[in-house]
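These are the residues of each chain, in order.
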Amino acid sequence: MVITVTMNPAMDKTLVLDGFTLGEVNRVVLGRNDIGGKGINVSKVLKEFGEDSLALGFLGGILEEVFLKELKTMGIGQRFVPVKGSTRTNIKVVDRVKGTFTDINEPGPVIQEEELTEFLRLYRETVTSGDVVVLSGGVSEGIPVKIYRLLTEIAKEKGALVALDAEGELFREALEAKPDMVKPNDRELALYLGKEHLTEDEIVDAAKELVAKGISKVLVSRGEKGSILATAEGILKAEGLKVLVKSTVGAGDSMVAAIIYSVLKGYGPRETLAMAQAAGAAAVMTEGTKACTLQEVESLLQAATEKIKEEKR
Ligand SMILES: Nc1ncnc2c1ncn2[C@@H]1O[C@H](COP(=O)(O)OP(=O)(O)OP(=O)(O)O)[C@@H](O)[C@H]1O
Ligand SMILES: O=P(O)(O)OC[C@@]1(O)O[C@H](CO)[C@@H](O)[C@@H]1O
């Protein structure tokens, strides 16, 4: 079973405008609401790919019921811990004239000690040998920065695989427990290395180092520039696909879903990277935080495959 963890889910409210001006009254041309948060997005994309998953995390307030209803409609299993605080709403502003994508993310509910204890009990009870656990996204107040490290350790003790998509101290700490797969973007990897920006060669070197540490798949996403996959078999670089971008939200999550799908299908590195790259491109072509479909991804696979090169350095 695939288990996705979303510690801080969000209702993503996408507002599309033709020109957004600060300090003025702005009129929305198109709007949509999608249940989100990185782990939930991975579950949504996996469902589109025909793969079931179980979503775990925290939900509270008036949005709790909305999330549970939506997950049920989508056919995604869930075991969320109810919390006293309220699940957040994140605003995503798309300016079609300037071509900008702006995220305004709320902090989310403060998690009480007993709520975290209940989550850990549920997590320990749920994860079993052979599972693939996805730990993805930020956490709200009340959750220790070592949380993904602990969840990785528990999953590995039980014989499950772990995929991690987190940033800052959450990422740094979790690396100590050696997750099986990680998907930082180039900015997150730079932050980890204490740098402002990384050249392509520096990304390759850093990814190789993580593989040498025992992380079997390191996928570094680079937005429109594409991505780089490091495994024990070497380095593959994928150039980005030129597509019409409607929303960049959830592009990274679609890549994570593609990695998990590739693990389930037993794909090698080249097929995995093509799938991830096609999924990222399909995601940005999709409105708001709506999940891309397998058909949309497959229609981009050939082009994605042609843009993959092996690093010979
Ligand atoms: N402007 C773009 N044009 C084409 N493809 C894109 C663009 N932006 C992102 N992608 C695709 O999506 C993938 C993931 O993008 P990115 O590196 O921005 O992930 P991320 O920062 O983790 O995203 P998020 O956190 O918003 O989910 C890229 O590797 C690429 O395949
Ligand atoms: O605050 P976090 O957890 O870092 O990011 C949350 C978020 O921006 O990530 C998803 C897209 O990847 C959205 O659904 C959600 O709003």
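Quick caveat: nothing in here was measured; it's all calculated off a predicted structure.

A.B. asks: Is there a simple way to think about the pairing of strand β4 (residues 53-60) in this case?
C.D. replies: For a regular strand, the rule is simple: side chains alternate between the two faces of the sheet. Of all the eight residues making up β4, eight are buried; the element is thus mostly covered by neighbouring parts of the structure. In β4, alternate side chains face the same way, and those of Ser53, Ala55, Gly57 and Leu59 on one face and Leu54, Leu56, Phe58 and Gly60 on the other are all buried. In this structure, strand β1 (residues 2-6) lies alongside β4, joined through five bridges in parallel fashion. Counterpart to Ile3 in the pairing with β4 is Leu54. Of the pairings in the sheet, the one linking β4 to strand β5 (residues 77-83) comprises seven bridges and is parallel in character. Residue pairing in the sheet places Leu56 in a bridge with Arg79 of β5. Chirality of the crossover, the property in question, places the unit of β4, helix α2 (residues 63-74) and β5 among those that are right-handed.

A.B. asks: Would you mind going over the side chain of Ser262 with me for this structure?
C.D. replies: Take Ser262: it is sitting in helix α8 (residues 251-265). From its side chain, Ser262 meets the backbone oxygen of Ala258 in a polar contact 2.7 Å long. In contact with Ser262, not counting residues within four places along its chain, are Tyr267, Thr272 and Met275.

A.B. asks: What is the right way to read the site of ligand 1 from this model?
C.D. replies: Taken together, 21 residues form the shell around ligand 1, and within it Asn185, Ser221, Gly223, Gly252 and Gln277 come nearest. Ala251 places a polar main-chain atom, nitrogen or oxygen, 3.4 Å from an oxygen atom of ligand 1. For ligand 1, whose free accessible area comes to 630 Å², the fraction covered by protein is 84%. Mapped by element, the contributors of at least two residues to the shell around ligand 1 are α8 and α9 (269-284).

A.B. asks: Hey, could you run me through the pattern of salt bridges in this one?
C.D. replies: Any two side chains of opposite charge can pair, given that their charged atoms come close. One pass over the structure, following the stated rule, counts 20 salt bridges. Glu125 is paired through a salt bridge with Arg121; the nearest N and O atoms lie 2.8 Å apart. Placement of the pair is Glu125 and Arg121 together in helix α3 (residues 113-126), with a separation of four residues, close to one helical turn. Glu125 gets classed as partly exposed once you look at its relative accessible area, which sits at 44%. The structure contains a network of salt bridges with shared partners spanning Arg79, Glu118, Arg121 and Glu125.

Reading the values: the criteria
- Residues numbered from 1 in each chain as written.
- Chains lettered and ligands numbered in written order.
- Predicted model: local features only at pLDDT ≥ 70, side-chain atom pairs only at ≥ 80, totals over all residues.
- Heavy atoms only, no water.
- Buried < 20%, exposed > 50% of the residue type's maximum accessible area, 1.4 Å probe, protein only.
- Helix = DSSP H or I, 4+ residues; strand = E, 2+ residues; numbered from the N terminus.
- Pairing = 2+ DSSP bridges.
- Right-handed = clockwise from strand over helix to strand, strands pointing away.
- Polar contact = N/O pair within 3.5 Å; in protein donor to acceptor, adjacent residues only side chain to side chain.
- Contact = heavy atoms within 4.5 Å.
- Near = heavy atom within 4 Å.
- Areas by Shrake-Rupley, 256 points an atom, 1.4 Å probe, with all protein chains shown as cover.
- Salt bridge = Lys/Arg side-chain N within 4 Å of Asp/Glu carboxyl O.

Structural measurements only, silent on function.
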